[in-house]
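The primary structure of each chain is shown beneath.
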Amino acid sequence: MELRKKFLTFLILFISIFVIIKIKPENIREVIFHYPSVSSIIYVLVWTILPVFLFPVPSIALLGGVCFGFFMGSILTIIGAVFNMSLMFLLSRYIFHDLVRKYANTHSNLLTKWINIEDKKVAFSIFILRLTPIIPYNLLNYTLPLTKVKYTKYILISLIGIIPGTFVYINLGAQSVDYKSSDFIIAIILMLGLILITSIIKKFLEKREVI
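Residues numbered from 1 in each chain as written. Predicted model: local features only at pLDDT ≥ 70, side-chain atom pairs only at ≥ 80, totals over all residues. Heavy atoms only, no water.

Caption draft 1: Summary view of the overall build of the protein chain. Scanning the protein chain for helices and strands turns up 10 helices and 0 strands. Looking at the protein chain residue by residue over its 211 residues, the buried ones come to 48%. Counting only contacts in the protein chain whose residues sit at least 6 apart along the sequence, the fraction spanning at least 24 positions is 78%. Taken as a whole, the protein chain presents about 11,500 Å² of accessible surface, with 72% of it coming from carbon and sulfur. (Helix = DSSP H or I, 4+ residues; strand = E, 2+ residues; numbered from the N terminus. Buried < 20%, exposed > 50% of the residue type's maximum accessible area, 1.4 Å probe, protein only. Contact = heavy atoms within 4.5 Å. Areas by Shrake-Rupley, 256 points an atom, 1.4 Å probe, with all protein chains shown as cover.)

Structure (structure tokens):
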């Protein structure tokens, strides 16, 4: 299961990078330059809505870096992510509660474990799970709201947890404008490093039953 998730993550990332390079990022930025306000609103809406339908968020983040560059892309992505996490929190806790719990109990002991995180560990566990980009963002959005964590704490901790991954993916998208440059190679190395390091931390803490 873990190997399959890692493979799918890398596959989605590299397909996204390939597509972005082929459609020429400079052309995308030229369009954004002429319609900055509309483009920003559309991007935030895309971030708010598409993950609800399990759309892979690394692709959206990469596109944000391509379209808006590192600084503005990071700001818009964080805004969109907060809106999306809030929306999916409400959907999971108050509308799809029984459906998500039934799916977890039927298909995955891991999801059930996340739902039943001890109250004293919930904040730290959410942070570590969010920090690890190998774990699907959408899966956490549907699972973690079923813990007893309060909304404000959930959003704050989740936001802090996704910031490193957000910066890495946005930077990768921003540097893909010149995919032959050393900055692009460094961006790829940073992404792989983040995935490797956070995965090791997560496994270490799981063995010690910290999360």
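Caption draft 2: Summary view of the packing of aromatic side chains. The tally for this structure, following the rule as stated, stands at 6 aromatic pairs. Summarising the aromatic geometry, the rings of Phe70 and Phe167 are spaced 5.7 Å apart at their centres and angled 55° between planes, so their arrangement reads as tilted. Here the residue Phe70 occupies a position in helix α4 (residues 57-95), and Phe167 occupies one in helix α9 (residues 151-175), the gap between them amounting to 97 residues. Judged by its relative accessible area of 34%, Phe167 is partly exposed. Aromatic side chains Phe89 and Tyr154 sit 5.1 Å apart centroid to centroid with 40° between the ring planes, which places their arrangement in the tilted category. Separated by 65 residues along the polypeptide, Phe89 in helix α4 and Tyr154 in helix α9 bring together distant segments of the chain. Taken as a pair, Phe89 and Tyr154 share a single burial class, namely buried. Cluster of aromatic residues (ring-pair linked, three or more members): Phe89, Tyr151 and Tyr154. (Phe/Tyr/Trp six-rings, centres within 6.5 Å; stacked < 30°, edge-to-face > 60°.)

Caption draft 3: Just unusual backbone geometry, in detail. At Leu54, a position not held by glycine, the phi torsion is positive, near 65°. Inspection of the secondary structure assignment puts Leu54 in the loop between α3 (36-49) and α4.

Caption draft 4: Expanded view of the environment of Ala123. Inspection of the secondary structure assignment puts Ala123 in helix α7 (residues 122-131). Ala123 sits 35 residues away from Ser158 along the chain, and the two C-alpha atoms are 9.1 Å apart. Not counting residues within four places of it along the chain, the set of residues in contact with Ala123 comprises Lys153 and Ile157.

Caption draft 5: View of the packing of α7 against helix α10 (residues 182-207). Between α7 and α10, whose axes approach to 9 Å, the crossing angle comes to 145°. Here the hand of the crossing between α7 and α10 comes out left-handed. Here α7 contributes Phe124, Ile128, Leu129 and Leu131 to the contact with α10, which in turn contributes Thr198, Ile201, Lys202 and Leu205. A per-class count over the contact of α7 with α10 returns 6 nonpolar, 1 polar and 1 charged. (Axes fitted to C-alpha atoms, helices over the stretch in contact; angles between N-to-C directions. Left-handed = near helix turned anticlockwise from the far one by under 90°. Nonpolar A, V, L, I, M, F, W, Y, C, P; charged D, E, K, R; others polar.)

Caption draft 6: Layout of the confidence of the model for the protein chain. Taken residue by residue, the protein chain gives an average pLDDT of 86. The fraction at 70 or more is 84%. When pLDDT is averaged over each helix and strand of the protein chain, the minimum, 59, is found for helix α1 (residues 2-22) and the maximum, 95, for α9. (pLDDT = per-residue confidence, 0-100.)

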